[in-house]
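# Breakdown of the fold
Spelled out, the chains give:
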Amino acid sequence: MFRNRRAAAIATSGAMVLAGMGAITAVETGVASADATCSISSHAEKKDVSTLGITMTYDKSVNLDSIGVGTTATYKIVVGTTGIGNPYVNTITDYPPAGFSVVSASVTAYHLAGGQRTEDVTPEPNAGGFKVTSPGWFVNSGNPVTYTVTYRVPTNLSNGQQVTSGGIGVAGTVGVSNELPNLTACFTARPNTVGESALGSLNNNGLGSADGQTSSTGSISDIIANAIKKYIGS
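Residues numbered from 1 in each chain as written. Predicted model: local features only at pLDDT ≥ 70, side-chain atom pairs only at ≥ 80, totals over all residues. Heavy atoms only, no water.

### Details of the overall build of the protein
Scanning the protein for helices and strands turns up three helices and 14 strands. Taken across its 234 residues, the protein has 43% of its residues classed as buried. Across the protein, the fraction of contacts at a sequence separation of at least 24, relative to all contacts at a separation of at least 6, is 71%. Counting every atom, the protein has about 11600 Å² of accessible surface; 55% of that belongs to carbon and sulfur. (Helix = DSSP H or I, 4+ residues; strand = E, 2+ residues; numbered from the N terminus. Buried < 20%, exposed > 50% of the residue type's maximum accessible area, 1.4 Å probe, protein only. Contact = heavy atoms within 4.5 Å. Areas by Shrake-Rupley, 256 points an atom, 1.4 Å probe, with all protein chains shown as cover.)

Below is the structure:
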């Protein structure tokens, strides 16, 4: 009897998760249409005597226009160039909103063996931001370098609050280096959906992941099905 009740509870949580996923899209669409001043991305360019006739491009974006408090926000910084040139980037610093803590990060860059490749990295604190470094990431018109970093969103944000990040800093060979405090990304904070809350509960019990909504064992539905089988069969 105990096992059956527990399995039923897990199944109920699973249904809540799946229902919540549908709710996420509806909420996000509503916030985006209501507020056009909070932009999820920004773009900047640099072309002067230091860039030797090419144009450096810098982009920053956040993955969603509305994000539940206590979940995660993923920012992407892309450093590229147009024209003929091959500068190297050795440091990228992202400045998140205050109170955000790093969950994970990766860098996608060109390698002589294998072309564009994504590798996990561990950012270091840097003057209020989080930086990643390398002996030199190669950049040309077809191969930008991308720094992707996921943060935990604090729970003390209010519903409807616009959350704007800081900018970025880039260092490397002549021309690529730049400090861009206004290269920001903004999202609107909202309460968790039913699905996100249920997913968080599953994650706390080792049954899922609140970050990517999947785990190393498979999709949400796979996790729930395996959990039910485990408790019914044991």
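### Section: the packing of aromatic side chains
If you walk through the whole model with that rule in mind, you get six aromatic pairs. Ring centres of Y110 and F138 lie 5.4 Å apart, and the angle between their planes is 50°; this geometry places the pair in the tilted category. Residue Y110 is found in strand β6 (residues 101-111), and its partner F138 is found in strand β9 (residues 129-138); the two are separated by 28 residues along the sequence. For Y110, a relative accessible area of 28% puts it in the partly exposed group. (Phe/Tyr/Trp six-rings, centres within 6.5 Å; stacked < 30°, edge-to-face > 60°.)

### A few points about the sheet that holds strand β3 (residues 66-68)
Spatial ordering of the open sheet is given by β3-β14-β11, a layout of three strands whose pairing is mixed. The open sheet is flanked by β3 and β11 (162-164), the only strands paired with a single partner. For this sheet, the mean angle separating the axes of adjacent strands, direction not counted, is 40°. As defined by bridge partners, β11 adjoins strand β14 (residues 186-190) across three bridges and the pair is classed as antiparallel. Across the sheet, residue V163 finds its bridge partner in β14, namely F187. (Pairing = 2+ DSSP bridges. Axes fitted to C-alpha atoms, helices over the stretch in contact; angles between N-to-C directions.)

### A short note on the state of the cysteines
Going through the model one piece at a time under the given rule, you end up with one disulfide. Through a disulfide, C38 is tied to C186; the S-S separation comes to 1.8 Å. Negative torsions about the S-S bond denote left-handed disulfides, and the value of about -95° found for C38 with C186 makes this one left-handed. Of this pair, C38 sits in the loop between α1 (2-34) and β1 (41-46) while C186 sits in strand β14; the two residues are 148 residues apart in sequence, bridging distant segments of the chain. Here C38 and C186 have matching classes, each one buried. (Disulfide = S-S within 2.5 Å.)

### A few points about the environment of T57
Tracing the chain through its elements places T57 in strand β2 (residues 55-62). For the pair formed by T57 and G80, sequence separation is 23 residues and the distance between their alpha carbons is 5.0 Å. With sequence-adjacent residues up to four places away left out, T57 is seen in contact with H43, A44, E45, V78, V79, G80, T81 and T82.

### A few points about the nonpolar core
Counting residues in each nonpolar core, the largest one holds 36 residues, and the members touching the most others are Y75, V79, V89, I92, V145, Y147 and F187. Broken down by secondary-structure element, the contributors of at least two residues to this core are β2, β4 (72-82), β5 (88-94), β6, β9, β10 (145-152), β12 (168-172) and β14. Leave out the neighbours within four places in its chain, and V79 touches M56, T57, Y58, V89, I92, V139, P144, V145, V170 and V176. (Core = buried A, V, L, I, M, F, W, Y, C linked by side-chain atoms within 4.5 Å.)

### Points about the pairing of β12
Across five bridges, the pairing between β5 and β12 is antiparallel. Its bridge partner being in β12, T93 is matched across the sheet by G169. Summarising the sheet, β12 and strand β13 (residues 178-180) pair through three bridges and their orientation is antiparallel. Bridging across to β13, I168 finds its partner in L180. Connecting the antiparallel pair β12 and β13 is a turn made up of five residues, with G175 showing a positive phi of about 100°.

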